[in-house]
Amino acid sequence: MARQIPKPDEEVSPDRWEAQLRKGALEMAALACLWQGRLYGLEIIRLLESQSNLVVAEGTVYPILNRLKEDGLLASEWVEAEAGHPRKYYALTAAGRRRLRQMAEAWENFAGGMMRLLKPVLAKAEVRR
Amino acid sequence: MTDGREIENYLSELRRHLGPMTLDDREEIVREIQAHIRDAAEQNGASADDVLARLGPASELAAEYREGLLIRQASRSFSPLTLLRGALRAATKGVAGTMAFLAGLIGYTTGVGFVLGALLKPFFPDKVGVFVQQTHSASETVGATVASITANGPRHELLGLWAIPLFLVLGSLTLLATTVLIRSVLRESRQWQLRLQPH
């Protein structure tokens, strides 16, 4: 009961701002996972975990996939697996690919500017350590 | 098997909290989460406890599925009540939602007013219509009134029975425009969330 939300490598629980930031980025990250081809939910979660530390609770990924599908950015299909039960695979739609590309460009712009701005802040933190 | 029992409990809890969705949508969600639990347990050899803990509480998971559901459903509806409810929810998220809600209130009231006027015209021909009224300063004021109470003063009605089709057309147009407006704002509000940089 104590660990309802696993926190991989942080001592401090993320505050509201950080939680919002993660949540906002998670949609783009989930879309990005599918750039190379279709995956099912757990594969997307594992990819997110290994490539980024965006996932806080695994459950949050599924509602996001659901919403992206309703927005027409993802398509899904149930595929009978060897495992004995079907899995729900997600793939980018044409609109999803377009949107992801737009998002990636906007993100690059945004992150680049932000990093320039934060450079002195981060440098100071390093010195203090 | 206590593991199976635990998973069953989790899934029925999830089902219960998903609430007002179509049965198909709900069962599809439960089926997907069920597949996740099975896969996660098999691939990592994790206990059901662990897998469920990493998913987060069923009630929170359901809440995230429901988030924005009202707005999304409303954006596909034509019912004024549903649309206004959706707009009210959208109003908690931004100025556009607030404007849509207010515009909706005004639009629906005006539209219904016109239609009511058209319906009442045959019964109260002197009280419903577009009036030109003589005031003290001799200037003229024109106003469309439904059951005007300021009955004194010389005034005359401009439209006669033409008020009925005119009011019906104006009323329908107002109602239609209001519906289209709220729907497009609700639809847009989701698009804004998807954009990274607000302009």
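Please read all numbers here as calculations on a predicted model, not as lab measurements. (Residues numbered from 1 in each chain as written. Chains lettered and ligands numbered in written order. Predicted model: local features only at pLDDT ≥ 70, side-chain atom pairs only at ≥ 80, totals over all residues.)

With that settled, the discussion passes to the overall build of chain B. Helices and strands together make up the secondary structure of chain B, namely eight helices and three strands. When the helices and strands of chain B are listed from N to C terminus, the series reads α-α-α-α-α-α-α-β-β-β-α. (Helix = DSSP H or I, 4+ residues; strand = E, 2+ residues; numbered from the N terminus.)

The next subject is the overall build of chain A. When you go through chain A residue by residue, the secondary structure sums to four helices and three strands. The 129 residues of chain A split such that 26% are buried. Looking at chain A alone, contacts between residues at least 24 apart form 47% of all its contacts between residues at least 6 apart. (Buried ≥ 20, exposed ≤ 12 C-beta atoms within 10 Å, placed from the backbone. Contact = placed C-beta atoms within 7 Å.)

Further remarks concern the interface of chain A and chain B. Between chain A and chain B, the residue contacts involve 25 residues of the former and 21 residues of the latter. Looking at the side of chain A that touches chain B, the elements that each hand over two or more residues are helix H2 (41-51), helix H3 (61-70), strand E3 (86-92) and helix H4 (94-128) of chain A. A class-by-class count of the residues in the side of chain A that touches chain B yields 12 nonpolar, six polar and seven charged. (Nonpolar A, V, L, I, M, F, W, Y, C, P; charged D, E, K, R; others polar.)

Within the largest apolar cluster, 35 residues are counted, with the highest numbers of intra-cluster contacts made by Ala30(A), Leu31(A), Val61(A), Leu65(A) and Leu14(B). Taken together, the elements giving at least two residues each to this core come down to helix H1 (16-33), H2, H3 and E3 of chain A together with helix H1 (2-18), helix H2 (23-44), helix H3 (48-55) and helix H4 (58-66) of chain B. For this core, the leading source of residues is H1(A), giving six residues. In this view, Leu65(A) contacts Ala30(A), Gly41(A), Leu74(A) and Tyr90(A); residues no more than four positions away in its chain are not counted. Ranked by size, the runner-up nonpolar core spans 10 residues in total, among them Ala87(B), Ala90(B), Phe101(B) and Leu186(B). (Core = buried A, V, L, I, M, F, W, Y, C linked by C-beta atoms within 7 Å.)

Below, the discussion takes up the packing of H1(A) against H2(A). Residue and element names in this part refer to chain A. For the pair H1 and H2, the least separation of the axes is 10 Å and the interaxial angle reads 110 degrees. With respect to H2, the element H1 is oriented roughly perpendicular. Read as a crossing pair, H1 and H2 show a hand that is right-handed. Residue-level contacts link Ala-29, Ala-30 and Cys-33 of H1 to Ile-44, Leu-47 and Leu-48 of H2. Split by residue class, the contact of H1 with H2 holds six nonpolar, no polar and no charged. (Axes fitted to C-alpha atoms, helices over the stretch in contact; angles between N-to-C directions. Parallel < 35°, antiparallel > 145°, perpendicular 65-115°, else oblique. Left-handed = near helix turned anticlockwise from the far one by under 90°.)

As a further point, take the confidence of the model for chain B. As a general rule, the predicted coordinates of low-pLDDT regions are not to be interpreted in detail. Residue and element names in this part refer to chain B. Averaged over every residue, the pLDDT of chain B is 81; residues scoring 70 or more account for 82%. Note on residues 195-199: pLDDT under 50 across the span, and seven contacts to partners over four residues away in sequence or across chains. Both confidence scores are given for the complex: pTM 0.68, ipTM 0.77. (pLDDT = per-residue confidence, 0-100.)

Okay, the packing of H1(A) against H3(A) next. Residue and element names in this part refer to chain A. It is at 10 Å that the axes of H1 and H3 come closest, and there the two elements cross at 75 degrees. Here H1 lies roughly perpendicular to H3, going by the angle between them. Contacts between H1 and H3 involve Leu-26, Glu-27, Ala-30 and Leu-31 from the first element and Val-61, Ile-64, Leu-65 and Leu-68 from the second.

All names here are of chain A. Spatially, E1-E3-E2 is the arrangement adopted by the three strands of the open sheet, whose pairing is antiparallel. Of all the strands in the sheet, the pair left with one neighbour each is strand E1 (39-40) and strand E2 (74-80). Of the strand pairs in this sheet, E2 and E3 are connected by seven bridges, and their pairing is antiparallel. In the strand pairing of E3, Trp-78 is matched with Lys-88. (Pairing = 2+ DSSP bridges.)

The next thing to look at is the pairing of E3(A). Pairing between E1(A) and E3(A): two bridges, direction antiparallel. Across the sheet, Tyr40(A) pairs through a bridge with Tyr89(A), a residue of E3(A).

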